[in-house]
Structure formats: C-alpha cells, structure tokens
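Residue strings, one per chain:
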Amino acid sequence: MNKIYRTFIITAFCLGLAIAMACTPAVTRPVKDDIAPRETEDIVPPPDIEPEEPVEIKDDPPVTPEVSDSLLTMTFGEGIIPPTFERLDDGDRPTYDWGEFDWGERGPEEFDRTRPVTGGTATIYLFRNFMDDVAAEMVRLNPFGGADGQGRRFFTVTDSTHRRLEFSLPARAFRANGRRITSLDFVEMWSRFIKSRPAQGLALFRNVQGIEEFLSGKNPLIHGFSAEDENTIRIRFAQPDPLAFHRLNSSRLIGGPFMLGAYYTSESSGAQMKLLPNPNSLVDTAFLAECVVRMGGDPAPLVAFVTGQYSAVTLYSATDIAAARREYIDINVSNGSGASMHRLPSDRYFLACRNENDQVCRFLHGVANGADLLRHVGAEGEAITSVTTRIGPTIPRGGISVPQLPVPFTLIYRNDDPISKTVAEKLSADLNRAGLSSETAGLNTEQYENALVRGNYDGAIGWVSETVLENTTEQLHLASMWFADETDPRVRLRDYREIPLFSINSYILLKDGVYLHNGRLTGIWVRP
C-alpha cells in the first residue's frame, strides 16, 4: 500500500512539473548583430534605397494641422504602378511588368509603343528662357514624397513642433557625381538659394530665425538653420508657424544644384544645358541617356522641329498650336516622321497691385481686361476671375476717376517670359491711354524677386501653375511672394490687390518615336 501511495505521489509531482514548464514562456538569448562594414565615401548606393520610416512626432502639437478655410484642400494621388525594365541580350525589345492591369478588349500589342525603354537622346525646346516648373521637374526631387506624401521620401521628419522642424537624411545619400551629401550641404545651399531667389526663399522659409537679418545683410548666417550631425537638419522659427511644413513641402526645396533629381545638369552654356541621368537618384528612372534643353530665343521653333533640330517643343501660341494640329500630328512631315502633342499644366496670369492708393488699384482693375490681354498675347486659354479658384466673385469695373500720381506707375515683369513681357507692354499702353502715366521694367529672376521683397514697384505681372487650385503649398507661396501673406483670395479680390487676368494652355509637341511616360516630362523616352 505504501509503495502504491509513493508511486501516486511521484506521478502527481512529475505531472505538475510538466504543466508548469509548458506554461512558462521560453526565454531566448538575443543574437549579437553582425558588425557592419565601415562606410566609405566611394560607396555609391543603389537607386532604390528607401529612407527610414518617420518616428513619432514629439511634445508640441504637430506642424501639419488642418488648413484654414481660405486654403483649398489638396487632392492628389494617382496610385500609379511603377514599371520595371529588363534589357535583353538578343536585342529584342525590353519587357514591361504592368502589374495588375485589366486589358479589357485590347491586347498588349496596342500598348507596345508606350513601353518606356532606356537609352537614346532628345533635344527639348522651351518657349521660356529658363526651366519653368514643368521642365525643372526633371532635375528636382520631392523632399517628402510629393504633395500627397505618398511618393518616395528623401527627408524623414524626426521632430516637429510649431517652433521647430527636424529632418533626417537617408543614411547614405549621394549626389549624381558620387559625392556624399550631408546636412551641412543643405544649410549652405539653402542660404545661397535665399540670396539669389529671395521672394521664393521667403515663401519656403517664412518665419525662420534670422532670415530677415540675413537678407538685409545684417547677419552672414541664418541662425534658424543648423546641422545637428551629418544626417540631421534642424530649422527653428522666430514665432510659432503651424503651416511651416506646408511651405516646405515643395520640390523647390531640393532643386537642380543638389544633383538629386532624375537628371542632373552636366553642362550649361547660355540658353542651353545638357542633362544626364542620375544613377544615385531616389526618384523614378530617367529613361534618356542624354537630354539637351534649349531655352527660348528661337523665332521659328516649329520650323526647327520639322527639320529635325528638336525632338520636342513646348508651345503656347494659338497659331502654332493650330498649325501643329493641322499639319504635324499623325502625318508624315518633311523629315519622314510623325508627331504627337500633349497638354501640359496651364499657367494662370495675374496682376498684383502694391500701390498704397486704393483708388489706383481700383482704376488698374478697371483697365486690366483679361480677355483683351489674352487676345493680344495670342495664346489659347480663357479669362479668369480668381487665381486660386476656378470661379471667383464678379468684381465691378469702371466708374473710378483717373488717380493723380507724383511719379509714373511702375509695372515690373519677368523679361525671360515672353507672355509677361507682352502683357506688361499692352497694359502700360492701356493705362497711358486711359490717363494714368505708367512705365514698365523688365527684370531677370533675381532682380524681379528682389523687387518683390523690397516693395519698390506699384504693380507686378505674375503667374503660377494651375496646381495652385488644389495645392496648399503653392497657395501659401503665392500669398507670400505677391500678397503680403494674405491667404484669403476673397480679401485680395475685395481690396483690388489681386487682379486675375487669364490662363493659358501650353502643349508639348513630340516627334514620332518620342513619348511621355505617365504624361510627365520627367518620363520622356525615345523608341529605338
């Protein structure tokens, strides 16, 4: 009996021990990380490196709150599946991975010519004497993934309050020439940008500590910029700015000099520059092996296009657009090639009145007729009633006596934009005819922006891309550069500070065998 009892006790003890061990979680020892090789300056990262994910925003309220009613809500995001490419050894055409694509009743052979391939060269002619926002997209990089924040980021926000912002660069960020780029490079290049483009610099970095003293020459440095370490940038603000992130969410923050875009400028001579693909870029593939950009100055771009001097030309003249549709699209031209034409984003032109005399601004509004000026420019487009909205309030014209000014009314414009020049000359002539003495001043980019900042003008011809209709960042920049930070278009229109003129349609004409991937100039490619 005692033997049976002892056996029972031992069995119960073993069973209890087994149950206890089964309920106890296993403890694993951490595996020691392998020691990573030391980074060197000559290591070039592959172009598909992803930036680190953002950390949680700390302490103060985040710097990206809801935008006020006076600013329109952004509505971007196309969800485009990026293509993949493969170069075949047998010389056949590259293959394309369409992802989940519904062909419907059409077979893939119908889309054959739209498959981008790498290689080839192209020469692009721009009607303006500089790379405008559409063309500059080729050499710029969206810092936070674009207007909707869904693209590939370069900067990661690691700290964010109404008084400061902190960005982190990718661990290994390289320029097109293979040089590593650090936070100190950004601080130095932003300072240079603000010097050369003061109005745009203030639009980006409004309220940054020391920026006003820097622009006035009182201080050689901008105290609000600091490089915390090689990969961390901190921006401090002189006063709380809940819209700071919206101001900075622009590809202008990382422009061409940074050499981080899909292409970079390898040579520049006068009105011509050569772009090469950037092997270290974090953006989409640059398909061309080389791209030459010619900026303005050609009196007959269509003739040069037909004779094969240009692979693509941008057009705004209604006459040229009509001729392209009638004579060059989908038919053989003299060099044996066909052509196609694509719509680019429209530009919205306006007049910003700065004169302190309200009567002058009201009189200017009565004389500046957008439809009449558009006809004089000879462009395809329409008169507008507001810059930032498609339908604005109707502001009565006329009924204002001619104001008396001690000096002529000074109207400034960008002399590298042919449309601004035509508008300024026509409007000045109309003002003189109406009894108000006026004069025009054609300025280059730096002179024009310095005039905007210093305020030594009465009126300024300006324009913005139609993206301003939906993009909060562009609306803030418009208000900063031309309207003393007044973001409410109703107030600007009521006070006759914003005088809307017209929008123009611009197009790009492509010779046969040249295409635009996703409809963007960055995606230009050439069929072999």
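Everything numeric in this text was worked out from a predicted model, so none of it was measured. (Residues numbered from 1 in each chain as written. Predicted model: local features only at pLDDT ≥ 70, side-chain atom pairs only at ≥ 80, totals over all residues. Heavy atoms only, no water.)

J.: Describe helix H13 (residues 472–482), and please don't skip the residues or the numbers.
T.: Burial runs high along H13: 11 of the 11 residues are buried. Those residues of H13 that fall on the buried side of the exposure criterion are Thr472, Thr473, Glu474, Gln475, Leu476, His477, Leu478, Ala479, Ser480, Met481 and Trp482. Taken together, the buried residues of H13 touch helix H4 (198–204), helix H6 (244–248), strand S12 (339–353), helix H12 (445–454), strand S16 (459–465) and helix H14 (489–494). With a side-chain oxygen lying 2.9 Å from the backbone nitrogen of Thr473, the N-terminal cap of H13 falls on Asn471. Remark: Ala484 follows H13 within two positions and exhibits a positive phi of approximately 50°. (Buried < 20%, exposed > 50% of the residue type's maximum accessible area, 1.4 Å probe, protein only. Helix = DSSP H or I, 4+ residues; strand = E, 2+ residues; numbered from the N terminus. Contact = heavy atoms within 4.5 Å. Polar contact = N/O pair within 3.5 Å; in protein donor to acceptor, adjacent residues only side chain to side chain.)

J.: Residues and numbers for the sheet that holds strand S7 (residues 232–236), please.
T.: On the basis of which strands lie adjacent, the open sheet formed by four strands has the order S4-S5-S7-S6 and antiparallel pairing. Because the sheet does not close on itself, it has two edges, and the strands there are strand S4 (156–160) and strand S6 (225–229). Across the sheet, the axes of successive neighbouring strands diverge by a mean angle of 25°, strand direction being ignored. Contacts from helix H3 (residues 183–196) reach S6 and S7, with the element oriented near 170° to S6. (Pairing = 2+ DSSP bridges. Axes fitted to C-alpha atoms, helices over the stretch in contact; angles between N-to-C directions.)

J.: So what about the environment of Ala379? Which residues, and what values?
T.: By the secondary structure assignment, Ala379 is in the loop between helix H10 (370–377) and strand S13 (381–383). Overall, Ala379 belongs to the buried group, its relative accessible area being 10%. With 40 residues separating them along the chain, Ala379 and Ile419 place their C-alpha atoms 8.8 Å apart. When residues no more than four places from it in sequence are discounted, the contact partners of Ala379 are Tyr316, Ala318, Leu374 and Ile504.

J.: I'd like a description of the packing of H10 against helix H11 (residues 418–434), backed by residues and values.
T.: At a minimum axis distance of 10 Å, the contact between H10 and H11 shows a crossing angle of 125°. For the element pair H10 / H11, the angle class is oblique. Crossing handedness for the pair H10 and H11: right-handed. Here Asp372, Leu373, His376 and Val377 of H10 lie close against H11, whose contacting residues are Ile419, Thr422, Val423, Lys426, Leu427 and Asp430. Considering only residue class, the contact of H10 with H11 consists of five nonpolar, two polar and three charged. (Parallel < 35°, antiparallel > 145°, perpendicular 65-115°, else oblique. Left-handed = near helix turned anticlockwise from the far one by under 90°. Nonpolar A, V, L, I, M, F, W, Y, C, P; charged D, E, K, R; others polar.)

J.: Quick one: what's the story with the pattern of salt bridges, residue by residue and with numbers?
T.: Summed over all chains, the structure comprises 30 salt bridges. Among the ionic pairs, Lys426 bridges to Asp372, the shortest N-O distance being 3.5 Å. One end of the pair, Lys426, is in helix H11; the other, Asp372, is in helix H10, with 54 residues separating them in the sequence. Taking relative accessible area as the criterion, Asp372 reaches 27% and is therefore assigned partly exposed. (Salt bridge = Lys/Arg side-chain N within 4 Å of Asp/Glu carboxyl O.)

J.: Any chance you could break down the pairing of S12 for me, citing the residues and the numbers?
T.: Burial analysis of S12 places 12 of its 15 residues in the buried class, which makes it a mostly covered element. Pairing between S12 and strand S17 (residues 498–511): 12 bridges, direction antiparallel. Opposite Ala339, over in S17, you have Lys511 as the bridge partner.

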